[in-house]
Amino acid sequence: SIMKKNPYIGSAFESVFDELGEREEFELFAQKQQLAQELKDRMHQKKLSRSALAKRMKAEKEEVESLLEARSEGISYDKALRAFQAVGLSLHAT
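Going along each chain's sequence as written, the residues are numbered from 1 onward. The model is predicted, so local features are restricted to residues of pLDDT at least 70 and side-chain atom pairs to those at 80 or more, both for listing and for counting; the totals for chains, interfaces and linings are taken over all residues. For side-chain calculations, the full set of non-hydrogen atoms in the structure is used, while hydrogens and water are omitted.

A. View of the overall build of the chain. Secondary structure assignment for the chain yields five helices and zero strands. To qualify as a helix, a DSSP run of H or I must reach at least 4 residues; to qualify as a strand, a run of E must reach at least 2; elements of each kind are numbered from the N terminus. Going residue by residue from the N terminus, the α and β elements of the chain occur as α-α-α-α-α. Burial classification: accessible surface area is computed with a 1.4 Å probe over protein chains only, and a residue below 20% of its type maximum counts as buried, one above 50% as exposed, and the rest as partly exposed. The buried share among the 94 residues of the chain stands at 27%. Whether two residues touch is decided by their heavy atoms; if any such pair falls within 4.5 Å, the residues are in contact. Restricting to contacts in the chain with at least 6 residues of sequence separation, those with at least 24 account for 45%.

Right, here's the structure in full:
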């Protein structure tokens, strides 16, 4: 046949990432997105601006931006924990 058979047809969504060797990266990205959304939701509930959160965390506004956009490569666990504590949330390892 002219068309190649798609090796992913019938595969589970996760197995595509397994086959590409990128499952851990995908899961980490999904977790960052979830944490960022939780932080945004709580900030909205508390009517807290990004600048106000940065002040509560004793951090730079850019660090808050990175957390909220799930670009936390340069953000330490300590800073992420302070962000969650500043809005009344806690991080739990699973």
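Still more ground to cover, so stick around.
B. Helix 2 (residues 23-45), seen in detail. An expected span of 1.5 Å times one less than the residue number is assigned to each helix. Over its 23 residues, helix 2 extends 33 Å from the first C-alpha to the last, a length consistent with the 33 Å expected when each residue adds 1.5 Å. Residues of helix 2 that are buried make contact with helix 3 (50-57), helix 4 (61-68) and helix 5 (77-86). Count one or two residues on from helix 2 and you reach K47, which has phi positive near 55°.

C. Up close: the packing of helix 3 against helix 5. Every axis corresponds to a line fitted to the C-alpha atoms, with the helix fit spanning only the stretch in contact, and the corresponding angles, defined between N-to-C directions, vary from 0 to 180 degrees. Where helix 3 contacts helix 5, the two axes come as close as 9 Å, and the packing angle between them is 115°. Compared by their axis directions, helix 3 and helix 5 come out roughly perpendicular. Considering the relative orientation of helix 3 and helix 5, their crossing is right-handed. Across from L53, R56 and M57 in helix 3, the residues of helix 5 making contact are K79, R82, A83 and A86. Class assignment of the residues belonging to the contact of helix 3 with helix 5 gives a composition of four nonpolar, no polar and three charged. When an angle is under 35 degrees it counts as roughly parallel; over 145 it counts as roughly antiparallel; between 65 and 115 it counts as roughly perpendicular; any other value is oblique. Here a crossing is taken to be left-handed if its near helix is turned anticlockwise relative to the far helix by less than a right angle, and right-handed if that turn runs clockwise. Three categories are distinguished: nonpolar for Ala, Val, Leu, Ile, Met, Phe, Trp, Tyr, Cys and Pro, charged for Asp, Glu, Lys and Arg, and polar for the others, with Gly belonging to the last.

D. How the structure looks around the confidence of the model for the chain. Put simply, the chain has an average pLDDT of 80, and 78% of its residues get 70 or more. As a per-residue measure, pLDDT reflects the predictor's confidence and takes values from 0 up to 100. Confidence, read as mean pLDDT per element, is least for helix 1 (residues 13-20) in the chain (70) and greatest for helix 3 (93).

E. Molecular detail of the side chain of K79. As for its placement among the helices and strands, K79 is situated in helix 5. Beyond its immediate sequence surroundings of up to four residues, K79 is in contact with M57, A59, E63 and L67.

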